[in-house]
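Chains, contacts and geometry: an overview
Take a look at the letters that make up each chain.
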Amino acid sequence: MNIQNAQQVVDNWINEHGVRYFNELTNMAQLTEEVGEVARIIARRYGEQSEKDSDKDKDLGEELADVLFVLLCLANQTGVDLQDAFDKRMDKKGKRDHDRHHNNKKLK
């Protein structure tokens, strides 16, 4: 599935199950909340904080999918074609950063 398809799947779901999109500010707050859940898992599972028993059953993939869902909602409701934006960004990064990371002594 490409990003355009994913945006359409989310739009179909919203129209069928969600009644309507939450407004942009609400979705921005939700995106922040979902990113926080991802951060909590990573900080405790891969970082130096200890993982609480209540966090051990959290699925990182599901939480990342929640972030993606809300991100796709925001793109849909603001008229952003994420496939086009992503393709342009990757092209720009490919040109701008072609040798940058290979020449970074910190990464060796």
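Bear in mind the structure is a predicted one, so any value in this text is a computation, not a measurement. (Residues numbered from 1 in each chain as written. Predicted model: local features only at pLDDT ≥ 70, side-chain atom pairs only at ≥ 80, totals over all residues. Heavy atoms only, no water.)

**A few points about the packing of helix H1 (residues 3–18) against helix H4 (residues 82–96)**
The description of two helices packed together rests on the angle between their axes and the distance between the axes. The cut-off we apply is this: Orientation is described by axes fitted as lines to C-alpha atoms, over the contacting stretch for helices, and by angles from 0 to 180 degrees between their N-to-C directions. Strands are runs of DSSP state E lasting at least two residues, helices are runs of H or I lasting at least four, and both sets are numbered from the N terminus onward. Geometric relationships in this document are graded by angle, where less than 35 degrees denotes roughly parallel, more than 145 denotes roughly antiparallel, 65 to 115 denotes roughly perpendicular, and other angles denote oblique. When the near helix sits turned anticlockwise from the far one by under a right angle, the crossing is termed left-handed; a clockwise turn instead gives a right-handed crossing. Residues count as neighbours in contact if any of their non-hydrogen atoms are within 4.5 Å of one another.
Following both chains from N to C, one finds H1 and H4 inclined at 150°, their axes separated by 7 Å at the closest point. Comparing their axes, H4 and H1 come out roughly antiparallel. Read as a crossing pair, H1 and H4 show a hand that is right-handed. Note on element contacts: H4 touches H1 through Leu82, Gln83 and Phe86, opposite Ile3, Gln4 and Gln7.

**Concerning the UniProt feature "domain: NTP pyrophosphohydrolase MazG-like" (unreviewed entry) in the protein chain**
For clarity, the cut-off: UniProt positions are given in the numbering used here, feature names are shortened, and annotations may be inferred rather than shown by experiment.
Within the UniProt annotation, "domain: NTP pyrophosphohydrolase MazG-like" (unreviewed entry) is assigned to residues 23–100. For residues 23–100, the end-to-end C-alpha separation is 39 Å, with 72% helix and 0% strand making up the annotated structure.

**Details of the side chain of Asn27**
The criterion, for reference: Only protein chains enter the area calculation, which uses a 1.4 Å probe; residues under 20% of their type maximum are buried, those over 50% are exposed, and those in between are partly exposed. Any pair of nitrogen or oxygen atoms within 3.5 Å is treated as a polar contact; in protein, a donor-acceptor pairing is required on top of that, and neighbouring residues in sequence qualify only through side-chain atoms on both sides.
Residue placement: Asn27 occurs in helix H2 (residues 24–45). A residue is classified by how much of its surface remains accessible, and Asn27, at 2% relative accessible area, is buried. Within the local environment of Asn27, its side chain forms a polar contact with the backbone oxygen of Phe22, the two atoms lying 3.4 Å apart. Ignoring any residue separated from it by four or fewer positions in sequence, one finds Asn27 in contact with Phe22, Val70, Cys73, Leu74 and Gln77.

**Some thoughts on H1**
Cut-off, in case you're wondering: Think of the arc as the fan of directions from the helix axis to the C-beta atoms.
Within H1, burial applies to Ala6, Gln7, Val10 and Ile14. End-on view of H1: buried residues confined to an arc of 100°, all on one side of the axis. Within H1, the exposed residues directed more than 90 degrees away from the buried face are Asn15 and Glu16. Tucked into the core, H1 has its buried residues touching helix H3 (60–78) and H4. Sitting at the amino-terminal end of H1 is Asn2, which places a side-chain oxygen 3.0 Å from the backbone nitrogen of Gln4.

**Examining the packing of H2 against H3**
At a minimum axis distance of 9 Å, the contact between H2 and H3 shows a crossing angle of 160°. Taken together, the axes of H2 and H3 are roughly antiparallel relative to one another. Relative to H3, H2 is oriented so that their crossing is left-handed. Along its contact with H2, which presents Glu24, Asn27, Met28, Gln30, Leu31, Glu34, Val35, Glu37, Val38, Ile41, Ile42 and Arg45, the element H3 presents Leu60, Glu63, Leu64, Asp66, Val67, Val70, Leu71, Cys73, Leu74, Gln77 and Thr78.

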